[in-house]
2 protein chains.
Amino acid sequence: MNRLSLNQKTVNGCTLPEAVAACVRAGVPSIGVWREPLHEVGVDAGAALIAEAGLRVSSLCRGGFFTAPDRAEVLADNRRAIDETAALAADCLVLVVGGLPEGSRDLPAARARVADVLAELVPYAADHGVRLALEPMNPLYCADRGVLSTLGQALDLAEPHDPAVVGVVVDTFHVWWDPDVERQIARAAGRIASFQVCDWITPLPADTLLARGMMGDGHIDFRHLAGLVAKAGYTGDVEVEIFNADLWREDPDVVLARVVSRYAEHVVL
Amino acid sequence: MNRLSLNQKTVNGCTLPEAVAACVRAGVPSIGVWREPLHEVGVDAGAALIAEAGLRVSSLCRGGFFTAPDRAEVLADNRRAIDETAALAADCLVLVVGGLPEGSRDLPAARARVADVLAELVPYAADHGVRLALEPMNPLYCADRGVLSTLGQALDLAEPHDPAVVGVVVDTFHVWWDPDVERQIARAAGRIASFQVCDWITPLPADTLLARGMMGDGHIDFRHLAGLVAKAGYTGDVEVEIFNADLWREDPDVVLARVVSRYAEHVVL
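Residues numbered from 1 in each chain as written. Chains lettered and ligands numbered in written order. Predicted model: local features only at pLDDT ≥ 70, side-chain atom pairs only at ≥ 80, totals over all residues.

> Is there a simple way to explain the overall build of chain A in this structure?
A count of helices and strands for chain A gives 11 helices and 10 strands. A compact globule built from 269 residues would reach a C-alpha radius of gyration of about 18 Å, and chain A, at 17 Å, matches this within 12%. Considering only C-alpha atoms, chain A reaches an extent of 45 × 40 × 35 Å along its principal axes. Looking at chain A residue by residue over its 269 residues, the buried ones come to 55%. Restricting the contact set of chain A to residue pairs at least 6 apart, pairs at least 24 apart contribute 78%. (Helix = DSSP H or I, 4+ residues; strand = E, 2+ residues; numbered from the N terminus. Rg over C-alpha atoms; globule rule 2.2 N^0.38 Å. Buried ≥ 20, exposed ≤ 12 C-beta atoms within 10 Å, placed from the backbone. Contact = placed C-beta atoms within 7 Å.)

> Honestly, the sheet that holds strand β4 (residues 93-96) of chain A in this entry has me stumped. Any pointers?
Strand-to-strand pairing in sheets goes through backbone hydrogen bonds, with the strands running parallel or antiparallel. Residue and element names in this part refer to chain A. Pairing within the closed barrel is parallel, and its 8 strands lie in the order β1-β2-β3-β4-β5-β6-β7-β10. On average, adjacent strands in this sheet sit at an angle of 30° to one another, irrespective of strand direction. With 3 bridges joining them, strand β1 (residues 4-7) and strand β10 (residues 238-240) adopt parallel strand pairing. What sits directly across from Leu6, in β10, is Val240. Each of β1, β7 (192-197) and β10 is contacted by helix α11 (residues 252-267), which is oriented at about 135° to β1, the strand it contacts most. (Pairing = 2+ DSSP bridges. Axes fitted to C-alpha atoms, helices over the stretch in contact; angles between N-to-C directions.)

> Any chance you could explain the interface of chain A and chain B here in plain terms?
Interface size is commonly expressed as the accessible area that is lost once the parts come together. Counting residues at the interface gives 23 residues for chain A, matched by 23 residues for chain B. Grouping the constituent residues of the side of chain A that touches chain B by class yields 12 nonpolar, 7 polar and 4 charged. (Nonpolar A, V, L, I, M, F, W, Y, C, P; charged D, E, K, R; others polar.)

> Teacher, can you tell me more about the sheet that holds strand β3 (residues 56-64) of chain B here?
Residue and element names in this part refer to chain B. Reading around the circumference, β1-β2-β3-β4-β5-β6-β7-β10 is the order of the 8 strands in this closed barrel, with parallel pairing throughout. Strand-to-strand twist across the sheet, computed as the mean angle between neighbouring axes with direction ignored, equals 30°. Taken together, the 3 bridges between strand β7 (residues 192-197) and strand β10 (residues 238-240) define a ladder with parallel strand orientation. Across the sheet, the residue bridging to Gln196 is Glu239, located in β10. Here helix α4 (residues 71-88) sits on the sheet and contacts β2 (30-34), β3 and β4 (93-96); the angle it forms with β3, its principal contact strand, is near 180°.

> Sorry, what's going on with unusual backbone geometry here?
What is expected of a backbone is that most residues other than glycine have negative phi and most peptide bonds are trans. Going from Thr202 of chain A to Pro203 of chain A, the amide bond is cis rather than trans, its omega being -10°. Looking along the chain, the bond that leaves Cys61 of chain B and enters Arg62 of chain B is cis, with omega of -5°. Secondary-structure assignment places Arg62 of chain B in strand β3. For Ala89 of chain A, which is not a glycine, the phi torsion comes out positive at approximately 50°. Structurally, the position occupied by Ala89 of chain A is in the loop between α4 (71-88) and β4. Ala89 of chain A gets classed as partly exposed once you count the C-beta atoms within 10 Å, which come to 13. Here the phi dihedral of Phe65 of chain B falls at roughly 50°; this positive angle occurs in a residue that is not glycine.

> Could you clarify how one ought to interpret the environment of His219 of chain A in this entry?
Turning to its location among the elements, His219 of chain A is positioned in the loop between β9 (212-213) and α9 (222-231). Take His219 of chain A: there are 20 C-beta atoms within 10 Å of it, and that puts it in the buried class. Residues His219 of chain A and Glu159 of chain A lie 60 residues apart in sequence; the distance between their C-alpha atoms is 31 Å. Residues in contact with His219 of chain A, not counting those within four places in the same chain, are Trp200 and Thr202 of chain A together with Leu100, Arg105 and Ala143 of chain B.

> Hey, could you run me through the confidence of the model for chain A in this one?
One rule of thumb: low pLDDT means the predicted coordinates there are not for detailed reading. Taken as a whole, chain A shows an average pLDDT of 97; of its residues, 100% reach a score of 70 or greater. Quick note on the complex model: pTM equals 0.96, ipTM equals 0.95. (pLDDT = per-residue confidence, 0-100.)

> Just checking my understanding: could you explain the relation of the copies chain A and chain B for this structure?
One copy of the chain maps onto the second through a rotation about an axis and a displacement along it. Screw-axis analysis of chain A against chain B gives a translation of 0.0 Å along the axis, an RMSD of 0.0 Å, and a rotation angle of 180°. Taken together, the rotation and translation describe the operation of a two-fold axis. For chain A, the smallest separation between a C-alpha atom and the rotation axis is recorded for Ala206 of chain A, amounting to 2.1 Å. Interface overlap between copies: 100% of the residues of chain A at the interface are likewise at the interface in chain B, consistent with a symmetric, same-surface contact. (Least-squares fit on C-alpha atoms with pLDDT ≥ 70 in both.)

> Can you help me understand the packing of helix α1 (residues 16-26) of chain A against helix α3 (residues 43-53) of chain A in this one?
Axis angle and axis distance: for two packed helices, these are the angle between their axes and the distance between the axes, and together they describe the pair. Residue and element names in this part refer to chain A. The contact between α1 and α3 brings their axes to 10 Å, and the two run at 10°. Relative to α3, the element α1 is oriented roughly parallel. In this structure, α1 uses Leu16, Pro17, Val20 and Val24 to contact α3, whose residues at the interface are Gly46, Leu49, Ile50 and Ala53. Grouping the constituent residues of the contact of α1 with α3 by class yields 7 nonpolar, 1 polar and no charged. (Parallel < 35°, antiparallel > 145°, perpendicular 65-115°, else oblique.)

> Help me understand helix α6 (residues 151-158) of chain A in this model?
Each α-helix turn comprises 3.6 residues. Residues three or four places apart therefore point the same way. Residue and element names in this part refer to chain A. Burial in α6 covers these residues: Leu151, Gln153, Ala154, Leu157 and Ala158. Across the axial projection of α6, the buried residues extend over an arc of 160°, all falling on one side. Its buried side turned inward, α6 meets α5 (107-127), β5 (132-134), β6 (166-171), α7 (172-175) and α8 (181-187). (Arc of directions from axis to C-beta.)

> Just checking my understanding: could you explain the pairing of strand β1 (residues 4-7) of chain B for this structure?
Where a strand is regular, its side chains alternate between the two sheet faces. All names here are of chain B. What you see with β1 is no split at all: Leu4 and Leu6 on one side and Ser5 and Asn7 on the other are buried throughout. In the sheet, β1 pairs with β2 via 3 bridges, with the strands oriented parallel. Its bridge partner lying in β2, Asn7 is registered against Gly32. Remark: the β1/helix α1 (residues 16-26)/β2 crossover connection has right-handed handedness. (Right-handed = clockwise from strand over helix to strand, strands pointing away.)

And the structure:
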């Protein structure tokens, strides 16, 4: 339990104060914060309330969308996200890099754009003591959400940069299927900025964005992946992030209790 | 047009005689046959009617499902599929390897099983002059349909075997997102048994099995992939295989006409 973190998305109906209070009641020591609910309460007030509750902040979600057409706005928004990550003293800023630009089928160009925008943001992140965390996404989301599709690709993208400034996210939902996952998690030693867990369930829910399952409800062998991540030297928080419309309709305390028990049953080594 | 093949699944409501007649009317010179509609007319009668129509058979779909629990039945069914492929003189037997066995989360074991069953089938295929075509599937289907997730993995699996007996399928829907696709298609030279095309559309339709789009309706750069396949020396048929419930409700001649025009517009080099 001492490494468990609740990603706020798992209790999507909660405000930040509600999510923080639910973590405290459930004894969960860390939280992954989303920017929109943070903005609702204000960054300084949000940081203060999390600190008063004694929680760590395992991540801020999220920056990225580097492939959007207005590059100046992309950079400005990501710099604000870096400022917010520093204000929260969060372990990292999770980056979802964005899909193909509207009307484009040029995947290599979109990927080159991601590398390029990342390079431009790195000095700003370094100056603010913030670690950027590149999140490879399940290929399911390649077209519309993230052209970064494998951990190997994320590590290639991170490689030119200081591991203290550019790390990667290992999210079980995104990487579990990868035949190269053992080798790439080993290669990620020193670069793992975040370890997120949720399950792959079938049949896949109709809205693929909300297609994630509670650990134990699907097909992922969490202990295998947690073992690889541990072997690569990662000792940080384990964040439970579940986008699921059915879960969002439940009472947050019930959800938290299930997160705690399923984490113990399926994830903890 | 002289390399275009209609995979029968694109006109799913048609019997084999109807699909063959539709190809002839549309001037499509080749067909990818499915076993179930072939069995409806009988293998010999089916082979005769295709030959009389002057069509080539670019593939028989499909064998595989190697991860199913009853190994003897898996082997027997795949040997029947090999016999049918020989009877049709089809270019290859497409293999969909199967997902995780019911209740299992052991992906490495499922993958090892696939390699093992494949090795047992290879001599039978060689004796019958049949080429097996391993189809890597979009990771979307890893849990329930195909634990073979990348072209690289398929090539690793094929490597111990004679390329005349074990090849791979390059299907745009399954491989388009892969950051390693250029390198792996080049590596597949001499192993490409089938090149299939259909598009990745968003939002993904609710039934992910029927989530495939007509070329031009989605995000895939077909010419880029067709160019890579050509550069790897593939000169065989280009099979249009689209699982899509909306398409299946349309008149087959209308579908065929669209296949022909979209193929010319988006795929032909």
